[in-house]
Amino acid sequence: MESIGVLMTCPMSAYLEQELDKRFKLFRFWQFPQRAQFLKENCGSIRAVVGNATVGADAELIDALPKLEIVSSFSVGLDKVDLAKCKEKGVRVTNTPDVLTDDVADLAIGLCLAVLRRICECDRYVRSGKWKKGDYKLTSKFSGKTVGIIGLGRIGTAIAKRAEAFNCPVCYYSRREKPNCQYKYYPSVTELASNCNILVVACPLTEETRHIINREVIDALGPKGVLINIGRGPHVDEPELVSALLEGRLGGAGLDVFEKEPEVPEELFGLENVVLLPHVGSGTVETRQEMADLVIGNLEAYFLSKPLLTPVV
Amino acid sequence: MSDNSTCSSPMEELHPIFLHHLPSSFSVLLKTRLQAHFHVLDPCDSAEPVSSFLASHAHSVRALVCAFLTPLTAETLELFPSLHLLVGTSSGLDHVDLDYCRRRGITVTNASVAFAEDVADHAVTLLIDVLRRISAADRFVRSGSWPVKGDYPLGSKLRGRRVGIVGLGTIGFQTAKRLASLGCIISYTSRSKKPSASFAYYPDVLELASNSDVLIVCCSLTQETYHIINQEVMRALGKRGVVVNVGRGPLIDEAGMVELLVQGDLGGAGLDVFEHEPKVPKELFGLDNVVLSPHCAVITPESFQAVQDLTVNNLIAFFANKPLEELAVLGTCSRAATALERALMLVGSATE
């Protein structure tokens, strides 16, 4: 398989690079500033693309690779892969579901706790020496608060189960109500937002869910409500979110994703009711290795004509 | 003062209770609530010196509320010859001379059940923060480093981590329940094995640490538990080990812990309490694998409300000659207490 060209779209995992190097002819896209020229010279040998949540495989790239047979994404979200184009051209697509579910769900709960209990502010308070002058103020309890989840897939369900251990009533919105589900369903995101204390975005990013968190939803969540986003930045109308937070129309936010990563609106840096993370939902040593193994496993299966492990297309 | 057995309406004759506190905005709220139900004797209300106030009022007092962490010595307690009930509003009672209370047969109650959930939540917050680097990553983003330095270093997964709970009282149990939902493997040590707990039991902290990746310290501070987490225990936890303390600072050999953290012989720490609050060892401020909070695990409006409810309910039950255990539970827990918890109401076993 060493002659099979695999194009990695951006740095994502040293371990994955190392393992791809061992098995295939690996091209690191970010090392070639003259992209058009690079593609022209090498498109004959590139049969696979490995992308992630930051840089995937859009129509332009797919068209530039006539020998492309498989896109193996180092992520579960596929909003950066032109799935329709892949279907059209017969290109297979795999992702990394399940292995990262726990980490993302843990982070969602961690963000709920961190925002409500102001842990980052508390830590800053101690490190700055302010504690010597007086105690920190009241924060809000998390246990028992109503958690509303947008998207009750693998990750949404894992978040719901964790919330239950904290005695949090759980409600949700999804495209269709789930049969035999013990959580309360709301047929619209605005209604969900009106009926929960903490709103968690856990659905895939598609045309329909872009800006699913808009002004109306933010207003419904209200000055005591908290938004947690562990989905994709474009799920949220970011300028609307920023102004709501600055004006006190929204109680707080825990954000792991942003519309234009790695750029984060600087107006948020001075707020004590937000927690800002650099897209670390699946960011543990253990999970990134499992994700990498799944990418390798899918590529090996494909080129050995075996069934794909986690195909989407 | 009134004889409680003839009291037919709570408003006609209010039972006297003594409020022992150092005034703060929080204790003022508690006092106002108590005044709705009882005749509150508070030396801070009087112009006379405390000793003279006590001489006038203490002799017939049957119930005393010790607010927050106001120290209560045997010397002071001796001035209350009729005292039967001491209501604490905190979980830990190391600021009260419990030996004296036991000798006198004074019933002591603490308030663990009122804010166990908040403390458990805080312990979980600290652990997730240390393992997933939440506060450190938040600093990274706010400093504008993300576009410049690229991806943040990876954290550690929670599922499968072996968590050892030091002290499986109300707080330890609530913490265990939450961490179990995150896939952690729970075991514990306690003065005695809890028959109703399904977690693995170790008879001492060292064995617990040797079989754990994380220690959550939530036992009470006594002479026996002072520095119970020492360097030997922390080394047994290992270089990737994490200690979380929501109990009392002196449960951990703080200088020893700082040394291990700085040397890289302990993986991380989440600390809400310190040996000499509000002083915190400066060496910790430069570490990203440490999360520090200013003894604020219970500082939420919900906990304060629950403590007030518990305090008032326990006092009402006492004056009505009703069992404290049962009534201490009503209206304060967000769920019905188990038999285990009811048995933990009184201080003898509650401060495990």
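Residues numbered from 1 in each chain as written. Chains lettered and ligands numbered in written order. Predicted model: local features only at pLDDT ≥ 70, side-chain atom pairs only at ≥ 80, totals over all residues. Heavy atoms only, no water.

A few words on the interface of chain A and chain B. The partner chain B presents 59 residues to the 57 residues of chain A that form the contact. Counting the surface lost from both chain A and chain B, the interface buries some 5000 Å², and carbon and sulfur atoms represent 60% of this. When residues of chain A are sorted by the area they lose upon contact with chain B, Arg117, Arg127 and Trp131 of chain A head the list and together hold 16% of the total. Summed over the shared surface of chain A and chain B, the number is nine salt bridges. Linking Arg117 of chain A and Asp118 of chain B is a salt bridge whose minimum nitrogen-to-oxygen distance equals 3.5 Å. The interface formed by chain A and chain B includes 28 residue pairs in polar contact (both at pLDDT 80 or more). (Contact = heavy atoms within 4.5 Å. Buried area = accessible area lost by both parts, 1.4 Å probe. Salt bridge = Lys/Arg side-chain N within 4 Å of Asp/Glu carboxyl O. Polar contact = N/O pair within 3.5 Å; in protein donor to acceptor, adjacent residues only side chain to side chain.)

The next point concerns empty space enclosed by the protein. The rolling of a water-molecule-sized probe over the atoms marks out the regions of remaining empty space. Residues and elements named next belong to chain A. Evaluated as defined, the whole model comprises three cavities of 30 Å³ or more. Lining the second largest cavity, in full, are Asn229, Gly233, Val236, Glu238, Leu241, Leu255, Val257 and Phe258. Across the lining of the second largest cavity, the residue classes tally to five nonpolar, two polar and one charged. (1 Å grid on protein atoms, 1.4 Å probe; cavity = no way out; pocket = protein on both sides within 12 Å on 5 of 7 lines; lining within 4 Å. Points joined across faces, edges and corners; volume = space filled by probe spheres on them. Nonpolar A, V, L, I, M, F, W, Y, C, P; charged D, E, K, R; others polar.)

Here we take up the pattern of salt bridges. Tallied over the full model, the rule gives 41 salt bridges over all chains. The closest approach of N and O atoms between Arg28 of chain A and Glu17 of chain A, which form a salt bridge, is 2.7 Å. Of this pair, Arg28 of chain A sits in strand 2 (residues 25–28) while Glu17 of chain A is found in helix 1 (residues 14–23), placing the two residues eleven residues apart along the sequence. Accessibility expressed as a relative area gives 17% for Arg28 of chain A, which makes it buried. In this structure, Lys145 of chain A and Glu302 of chain B form a salt bridge, with 3.1 Å as the shortest nitrogen-oxygen distance. (Helix = DSSP H or I, 4+ residues; strand = E, 2+ residues; numbered from the N terminus. Buried < 20%, exposed > 50% of the residue type's maximum accessible area, 1.4 Å probe, protein only.)

Before going further, it helps to spend a moment on the UniProt feature "domain: D-isomer specific 2-hydroxyacid dehydrogenase NAD-binding" (unreviewed entry) in chain A. Per the UniProt record, "domain: D-isomer specific 2-hydroxyacid dehydrogenase NAD-binding" (unreviewed entry) is found at residues 109–281 of chain A. Between the first and last C-alpha atoms of residues 109–281 of chain A the distance is 11 Å; the span itself is 30% helix and 14% strand. (UniProt positions renumbered as here; feature names shortened; annotations may be inferred.)

The subject of this paragraph is the packing of helix 1 (residues 25–35) of chain B against helix 12 (residues 301–319) of chain B. Residue and element names in this part refer to chain B. Following both chains from N to C, one finds helix 1 and helix 12 inclined at 40°, their axes separated by 10 Å at the closest point. Taken as axis vectors, helix 1 and helix 12 run oblique relative to one another. For the pair helix 1 and helix 12, the sense of crossing is right-handed. Residue-level inspection shows Phe26, Leu29, Leu30, Arg33 and Leu34 of helix 1 in contact with helix 12, the latter providing Phe304, Gln305, Gln308, Asp309, Thr311, Val312 and Leu315. (Axes fitted to C-alpha atoms, helices over the stretch in contact; angles between N-to-C directions. Parallel < 35°, antiparallel > 145°, perpendicular 65-115°, else oblique. Left-handed = near helix turned anticlockwise from the far one by under 90°.)

With that settled, consider the UniProt feature "domain: D-isomer specific 2-hydroxyacid dehydrogenase NAD-binding" (unreviewed entry) in chain B. Residues given the UniProt feature "domain: D-isomer specific 2-hydroxyacid dehydrogenase NAD-binding" (unreviewed entry) here are residues 125–297 of chain B. Along residues 125–297 of chain B one finds 33% helix and 16% strand; the C-alpha atoms at either end are 10 Å apart.

Below, the discussion takes up the environment of Asp21 of chain A. Residues and elements named next belong to chain A. Along the polypeptide, Asp21 turns up in helix 1. Accessibility expressed as a relative area gives 37% for Asp21, which makes it partly exposed. For the pair Asp21 and Val6, spaced 15 residues apart in sequence, the C-alpha separation works out to 9.2 Å. Leaving out residues up to four positions away in the same chain, Asp21 has contacts with Leu26 and Arg28.

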